[in-house]
Amino acid sequence: MRFTPQDEEFRQRVRDWLDASLTGEFAGLRGAGGPGREHERPAERLAWHRHLAAAGWTCLGWPSEHGGRDATLVQQVIFHEEYARADAPARVSIVGEELLGPTLIAFGTPGQKARFLPPIRNVRELWCQGYSEPGAGSDLASVSTRAVCDGAEWVITGQKIWTSGAHEADWCFVLARTEPGSSRGRGLSYLLVPMRQPGITVRPIRQLTGTSEFNEVFFDGARTAAENVVGEPGDGWRIAKATLAIERGAAMLGQQVGFRRELGNLLRLARHTGAGQDPLLRDKLARAWIGLEVIREYALDTLDGDDDTEASVLKILWSRWHRELGELAMDVLGAPSALAGGDPYDEWQRLFLFSRADTIYGGSDEIQRNIIASRALGLPREARP
Ligand SMILES: Cc1cc2nc3c(=O)[nH]c(=O)nc-3n(C[C@H](O)[C@H](O)[C@H](O)COP(=O)(O)OP(=O)(O)OC[C@H]3O[C@@H](n4cnc5c(N)ncnc54)[C@H](O)[C@@H]3O)c2cc1C
C-alpha cells in the first residue's frame, strides 16, 4: 500500500482539521480515554465525538447513502494515523461505528438501516457487544442466553459478561439461542436490544487496572421488538461471525501510531533515567523498535486482503508486542515500578496491566494460533475435549 499525492492531500486536510479543532473547549482532551482509561471524561469525549460527526469525520468507510464518506481503505488508514498522531481523545462510539454499522449495512433490512444507522453516524446512540458469556468465550458457539418470540416481541433471558461500555450503551447486539434444543452455531439469532429497560441489569466488573470498562449484563425477561433481528431468526451465527471479521480494520494502523508514541515516551524515559545504558535494556528497546516496524509493514501489506490467517498473524504480532512493551516499561522504571504511583497507577503501570488484556479480547493468542495451525499449516483440527 502506497500513498498517492491525493492521499497526502487528504492527510493534510485531516491534520489541519484536527489541529484547528483540538483547541478551545477540546484542547485539554488530548490523550484522554485510551485503553484502560475509558472512564476518563466521558461527557466531554461524547461532545468531541459529536463534533467529529458534525464535520463528517465519523463512519468514513460507510457508503455515502448511509451518511459515510465512501472513504477508501487508504484514506481510512490515513485518518486513523493522523487521529493518533494528534493524540485526539479515544472515540466513545467505536462499537456502533466499526462493528454494528458495517454489519447492518451488509445484512440489515432497509427499515433497520433507516432506524439505526443515523444515530450511530451522529453519535446519538451508543452500542455494546453482547457475545461472551460465563460459559461461552473462545467457544462462542456455546451461547446459552435464550430468546423466545411472543409474536410482537423477543423476550430474552440469560447473562452476558465482559461487555465493554454496557454501562453507557443505549443498545446491545445480543447473540441468543432462539431454537430450543439447538446446539453450537445452529439456532442462534442476532438481536438488537435496548439497554435501558427494567429487564436488564448492568453490573460493573473491576479490572486489574482498578477501573471498570466492562460489565456483567443480566437479561431477565428483557424485551425487544420482533423486527429487531438481523438476518433470519436462527441465522445469527453467520451474522455474528461477519461482525467478528469486521473487527479488524483500518483503525489498527492508527493504533500503531499510538504504540509508536508510547515507545517514543519510553525511550525518552530510558535516556533520562540512564536505564538506556543498561546493555540488556538497550537490546530490548531496539528489539521493540524493530518489532513495531515489522508490524507496520505486515499490516500495510495485508490490510486490503480478507484472509483470516493474516488477521490472526497480525493480532498475535501486535498484542504480544504491546504486552512486552508494558513489561519493558516496568524494567525501564526498575524497582519503583512496583509502587502504586498514580490514581491508582501511573501511565506505565496502567499500560503494563491493561496490555495483559490485548492477548485475550478479539480472540486470544491460543485461538489465533489454532486458526493458523488449521488454515495456514493444514494441520488437523484439534480434538474437542
Ligand atoms: C478488555 C476486554 C474487553 C472485552 N469486551 C467484550 C465485549 O464488549 N463483548 C463481548 O462479548 N466480549 C468481550 N470480551 C470478551 C472476550 O471476547 C473473551 O474474553 C475472549 O473471547 C476469551 O473468552 P474467555 O474470557 O471466556 O476465556 P476462555 O475462552 O475461557 O479461555 C481461557 C483460556 O483458555 C484458552 N483456550 C480456550 N479455548 C482454547 C482452545 N481451543 N485451545 C487452546 N487454548 C484455549 C484461552 O486462550 C485462554 O487463555 C472482552 C474481553 C476483554 C479482555
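As a reminder, the structure under discussion sits directly above these lines.
Just so it is clear, the model here is predicted, and its values are computed rather than measured.

**Q** Which residues make up the overall build of the protein, and what values do they have?
**A** The number of helices and strands found in the protein is 11 helices and eight strands. Along the first, second and third principal axes, the C-alpha atoms of the protein reach 70 × 50 × 45 Å. Relative to its full complement of 385 residues, the protein shows a buried share of 47%. Of all intrachain contacts in the protein linking residues separated by at least 6 positions in sequence, the fraction that spans at least 24 positions is 71%. In the structure as shown, the protein presents an accessible area of about 18,400 Å², 54% of it carried by carbon and sulfur atoms. Averaging the locations of the 45 positively and 52 negatively charged side chains of the protein gives two centres separated by 2 Å.

**Q** Tell me about unusual backbone geometry, residues and numbers included.
**A** The backbone of Asp87 sits at a positive phi, close to 60 degrees, despite the residue not being glycine. Despite not being glycine, Trp162 shows a phi value in the positive range, around 60 degrees. Within the element layout of this structure, Trp162 appears in the loop between strand S3 (153-160) and strand S4 (171-177). Residue classification places Trp162 among the partly exposed positions, given a relative accessible area of 47%.

**Q** Tell me about the site of the ligand, and please be specific about residues and values.
**A** Near the ligand, the surroundings consist of 18 residues, among which Ser138, Trp162, Ser364, Glu366 and Glu382 are the closest. Notes on the ligand: free accessible area 970 Å², of which the protein chains cover 67%. When residues in the shell around the ligand are grouped by element, the largest group, three residues, is from helix H11 (residues 365-376). Within the shell around the ligand, the residues separate by chemical class into seven nonpolar, eight polar and three charged.

**Q** Residues and numbers for the nonpolar core, please.
**A** Taken as a class, soluble globular proteins show a tendency for nonpolar side chains to be buried jointly. Grouped together as the largest cluster of nonpolar side chains are 24 residues, with contacts concentrated most on Leu100, Trp127, Phe173, Tyr190 and Leu192. The element contributing the most residues to this core is helix H4 (residues 94-107), with five residues. Not counting chain neighbours up to four residues away, the residues in contact with Tyr190 comprise Leu100, Thr103, Tyr131, Phe173, Val174, Asn228, Val229, Val230, Gly236, Ile239, Ala240 and Thr243.

**Q** Give me the lowdown on the packing of aromatic side chains, citing residues and values where you can.
**A** Two aromatic rings, taken as a pair, are described by how far apart their centres are and by the angle between their planes. Considering all chains together, one arrives at 16 aromatic pairs under this definition. Ring plane angle 55 degrees and centroid distance 5.2 Å describe the contact between Trp162 and Phe214, whose orientation is recorded as tilted. In this pair, Trp162 is assigned in the loop between S3 and S4 and Phe214 in strand S7 (residues 214-225), connecting sequence segments 52 residues apart. For Phe214, a relative accessible area of 18% puts it in the buried group. On the numbers, 6.1 Å between centres and 40 degrees between planes, the contact of Phe259 with Trp318 is tilted.

**Q** Any details on the pattern of salt bridges? Residues and values, ideally.
**A** Enumeration over the complete set of coordinates arrives at 25 salt bridges. In this structure, Arg91 engages Glu98 in a salt bridge whose closest nitrogen and oxygen atoms are separated by 2.7 Å. The exposure class of Glu98 is partly exposed, given its relative accessible area of 23%. A salt bridge links Glu293 to Arg260, with the nearest nitrogen and oxygen atoms 3.1 Å apart. With Glu293 in helix H8 (residues 279-302) and Arg260 in helix H7 (residues 251-273), this pair connects stretches of sequence that are 33 residues apart. Taking relative accessible area as the criterion, Arg260 reaches 34% and is therefore assigned partly exposed.

So, how was this worked out
Residues numbered from 1 in each chain as written. Predicted model: local features only at pLDDT ≥ 70, side-chain atom pairs only at ≥ 80, totals over all residues. Heavy atoms only, no water. Helix = DSSP H or I, 4+ residues; strand = E, 2+ residues; numbered from the N terminus. Buried < 20%, exposed > 50% of the residue type's maximum accessible area, 1.4 Å probe, protein only. Contact = heavy atoms within 4.5 Å. Areas by Shrake-Rupley, 256 points an atom, 1.4 Å probe, with all protein chains shown as cover. Lys, Arg positive; Asp, Glu negative; His and termini not counted. Charge placed at Lys NZ, Arg CZ, Asp CG, Glu CD. Near = heavy atom within 4 Å. Nonpolar A, V, L, I, M, F, W, Y, C, P; charged D, E, K, R; others polar. Core = buried A, V, L, I, M, F, W, Y, C linked by side-chain atoms within 4.5 Å. Phe/Tyr/Trp six-rings, centres within 6.5 Å; stacked < 30°, edge-to-face > 60°. Salt bridge = Lys/Arg side-chain N within 4 Å of Asp/Glu carboxyl O.

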